[in-house]
Amino acid sequence: RHMDQMTASLPALPTLPLIGNGSLFLGDTQQILKNLWTLADLAFKHKNSAKLWLGPKLYVAIGDPEDAQVVLENCLDKDVVYRFLRPWLGHGLFVAPVNLWKAHRKVLLPVFHNKIVEEYLGVIAEQADVLVERLNERVDAKQFDVLKYITACTLDIVFETAMGERMDVQHSPDTPYLRARHTVMEILNMRLFKVWLQPDCIFNLTPYAKQQRDNIDLTHKFTDEVVQKKRLEYERKKGDLKGQNDGKLRAVLDLLFGREIEFTDEQLREHIDSITIAGNDTTALVIAYTLVLLGIHQDAQERVLQEQESIFGSSTRGSTKEDLQQMHYLERVIKESMRLYTVVPIIARNIDRDIYLPTCGVTVPAGAGAVIGAFAIHQSAAWGPKPEVFDPDRFLPERSQNRHPAAFLPFSYGSRNCIGRNFGMLIMKSIISTVVRSYKIEADEIGPLKVEMLLFPINGHQIKISRRTLLK
Ligand code: HEM
């Protein structure tokens, strides 16, 4: 009651007894996205925020950059909804409680510094070449879903750079480990949107609980073995190679030994699993959306190609960091793709103390949750008229300078934003550069979308490709 009073000026959709607005999350994943848009439209008609009750818990849905900024800068604790990830990711960075997160993020931050991730460009270039080779089977054929090709490629990149292990998913996509990962993700997704499966006491009675446990065990065992192997290597080298680089790739895991916090093997596993899970599907999806958008907008594809030719001539070699720095237009295209198709559409935080939101003029009470609608903010008034139009030049510096800094948050915002965002940009630019130099892409509209943990097109990322004649 007290919470309801404090937030009385916020608009709300009608509630039902007990479940409140829980019905927003009933139905298929396409319907759920439509419901989220209904909520966003309601917020836009008021001061860009609305409230909803999920069972006994109050949430404030935020569609305003200023209010999003206040929450993301001040409330670093993740919402309880992320608890489903705990059995899998433990206290890895993604779901770690705030105190532990602060200490660990400080140690992990330098590992994702540009200077380090740039060392991974060789791995990225190699895997991009394999991707181009694999796509060859689709040349001049009918439309196909490009996401599965891209996902295999980003998995190879993220695994090798995070763990130092070459998985070769692009050539052998069907392994027990990958199957287990997939099953766990499917169960987590299902639980997120089937509210009746959320209480542990009910979930544990279903066969999914055992299936989840068995598959999580299998993935843990896999990462544990890699961690143990790397620890042995680290101990062996510690004595004779102080500070020297033996020329081998320094994967994220290698860099987590001997730091100011001595991570246990379990903590290492939790961090590495979090990184490979947070870093893969996100990156793959943005690449796939961008390729489809380039297929739809031939003028943009032509501009990307011209920029590529000005950097590479007719070469199909991989990108260096200097090359990537010159891909200004491609960077704008990728940003526009992330704005229109925000692959992490919602960010949910726990409000751990009363917090005043300046735009909606409401103090949100401690104990409530905040749902930042990144997908809605990306199409809000902050983007001027026609936010639905694909226009990469919105990101030109002169057109960006008056925009609110939190109007664009594909990687979230504030100190708990995406730690891998620079690495992600590096991968995305590199891969798209290689694909566009090799193939001309054609595509139709993306069509209806659905929200699972991430945002997917119902009909997949359909494209048609033909080989570019100019390039060898
Ligand atoms: C286009 C690619 C990517 C997108 C759109 C993306 C998006 C995000 C977002 C929105 C968050 C915050 C999630 C939340 O609070 O609910 C996040 C966190 C995170 N991301 Fe990314 N990400 C991308 C790539 C990567 C890559 C390449 C890595 C690592 C290899 C990575 C690792 C992480 C980690 C570890 C976190 C948790 C950070 C923390 O809580 O301190 N991400 N990402």
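Residues numbered from 1 in each chain as written. Predicted model: local features only at pLDDT ≥ 70, side-chain atom pairs only at ≥ 80, totals over all residues. Heavy atoms only, no water.

**Q** Would you mind going over the site of the ligand in detail, with residue names and values included?
**A** Around the ligand there are 28 residues in total, and Y82, W101, R105, R416 and C418 lie nearest to it. Side-chain polar atom of K78 to an oxygen atom of the ligand: 3.0 Å apart, as the coordinates give it. At the level of elements, α5 (98-108), α12 (265-296), β4 (346-350) and α18 (421-438) are the ones that each hand at least two residues to the shell around the ligand. Among the elements that take part in the shell around the ligand, α12 stands out by supplying six residues, more than any other. Split into classes, the residues belonging to the shell around the ligand amount to 17 nonpolar, seven polar and four charged. (Near = heavy atom within 4 Å. Polar contact = N/O pair within 3.5 Å; in protein donor to acceptor, adjacent residues only side chain to side chain. Helix = DSSP H or I, 4+ residues; strand = E, 2+ residues; numbered from the N terminus. Nonpolar A, V, L, I, M, F, W, Y, C, P; charged D, E, K, R; others polar.)

**Q** Requested: an account of a nonpolar patch on the surface, with residues and values cited.
**A** A contiguous nonpolar surface patch, about 590 Å² in accessible area, is contributed by L16, L18, I19, L26, V195 and W196. Overall, L26 belongs to the partly exposed group, its relative accessible area being 34%. (Patch = residues over 30% accessible without salt bridge, like charges linked within 9 Å, V, L, I, M, F, W, Y side chains within 5 Å. Areas by Shrake-Rupley, 256 points an atom, 1.4 Å probe, with all protein chains shown as cover. Salt bridge = Lys/Arg side-chain N within 4 Å of Asp/Glu carboxyl O. Buried < 20%, exposed > 50% of the residue type's maximum accessible area, 1.4 Å probe, protein only.)

**Q** Help me get a handle on the sheet that holds strand β8 (residues 439-442), residues and values and all.
**A** Reading across the sheet, the three strands line up as β3-β11-β8 and stay open at both edges, with antiparallel pairing between neighbours. Taken across any chain shown, the strands that pair with only one partner, and hence form the sheet edges, are β3 (144-145) and β8. Both β3 and strand β11 (residues 462-467) contribute to a ladder of two bridges, which runs antiparallel. Counterpart to D145 in the pairing with β11 is Q462. Against the sheet, α12 makes contact with β8 and β11, and its axis sits at roughly 80 degrees relative to β8, the strand it touches most. (Pairing = 2+ DSSP bridges. Contact = heavy atoms within 4.5 Å. Axes fitted to C-alpha atoms, helices over the stretch in contact; angles between N-to-C directions.)

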